[in-house]
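Inside the fold
One-letter residues, chain by chain:
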Amino acid sequence: CEAVAKLLGMDPGQSTALMSKGPSQVLGIVKALLVDPDVLCLVRPLSMVPKDMIDPVAILLRLWQAGGGAPAIADLVQQTPEVPK
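Computed from a predicted model, the values in this text were never measured in an experiment. Per-chain numbering applies: the sequence of each chain, read as written, is numbered from 1 onward. Where local features are concerned, this predicted model is filtered to residues with pLDDT of at least 70; where side-chain atom pairs are given and counted, the filter is 80 or more; whole-chain, interface and lining totals use all residues. Values reported for side chains reflect all heavy atoms of the structure, with hydrogen atoms and water molecules removed beforehand.

**Examining the overall build of the chain**
Within the chain, the secondary structure is distributed over 3 helices and 2 strands. Note on conventions: DSSP H or I runs of at least 4 residues are helices, E runs of at least 2 residues are strands, and numbering of each starts at the N terminus. Sequence-ordered secondary structure for the chain, helices as α and strands as β, is α-α-β-α-β. Relative to its 85 residues, the chain shows a buried fraction of 33%. In this description, contact between two residues means that some pair of their heavy atoms is separated by no more than 4.5 Å. Here the analysis covers contacts within the chain between residues at least 6 apart in sequence; of these, 55% occur between residues at least 24 apart. All accessibility values rest on the Shrake-Rupley procedure with a 1.4 Å probe; residue burial counts only the protein chains present in the view. By element, 56% of the accessible surface of the chain is carried by carbon and sulfur atoms, the whole surface being about 5500 Å². Here's how the labels work: a residue is buried when its accessible area is under 20% of the maximum for its type, exposed when over 50%, partly exposed in between, all with a 1.4 Å probe on protein chains only.

**What to know about the packing of helix 2 (residues 21-34) against helix 3 (residues 51-66)**
Geometry of a packed helix pair, given as the angle between the helix axes and the separation of the axes. Across the interface, helix 2 lies against helix 3 with an axial gap of 11 Å and an inter-helix angle of 15°. Between helix 2 and helix 3, the interaxial angle falls into the category roughly parallel. You can see that helix 2 and helix 3 cross each other, and the crossing is left-handed. On helix 3, the residues that touch V26, I29, V30 and L33 of helix 2 are M53, V57, L60, L61 and W64. Geometry is summarised by axes, namely lines fitted to C-alpha atoms with helices restricted to the contacting stretch, and by angles between N-to-C directions that run from 0 to 180 degrees. Throughout this description, any angle smaller than 35 degrees is read as roughly parallel, any larger than 145 degrees as roughly antiparallel, any in the 65 to 115 degree range as roughly perpendicular, and the remainder as oblique. Rotating anticlockwise by less than a right angle from the far helix to the near helix defines a left-handed crossing, while the corresponding clockwise rotation defines a right-handed one.

**So, the nonpolar core**
Remark: nonpolar core denotes a set of buried residues (Ala, Val, Leu, Ile, Met, Phe, Trp, Tyr, Cys) joined through side-chain atoms within 4.5 Å. Of all hydrophobic cores here, the largest spans 18 residues; its most connected members are L8, M10, V26, M53, V57 and L61. Within the residue set of this core, elements represented by two or more residues are helix 2 and helix 3.

**So, the confidence of the model for the chain**
pLDDT is a residue-level measure of predictor confidence that goes from 0 to 100. Chain-level pLDDT for the chain is 77 on average; 79% of the residues reach the 70-or-more range. Mean pLDDT across the elements of the chain bottoms out in strand 2 (residues 70-72) (61) and peaks in helix 3 (86). Across residues 73-77 the pLDDT falls below 50, and counting only partners more than four positions away or on other chains, this stretch makes 9 contacts in the model.

This is the structure in structure tokens:
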């Protein structure tokens, strides 16, 4: 979690109680992906994510999906960039 948080430009030592809603939402997505779920149901997963974090988080979700994850994400599919090759 610490490495992913750093990759996204977040301070892994910061208390979630001190985070605004956007970074807190990013941390929640990262934590959910760390357990490598088969299915992940998200409702507007990028709605509160800060603009500078949208692409990295969307790519992270696409990488998870490419690895066999089956997201139930209606509005993410049309908003995210493709995974870089």
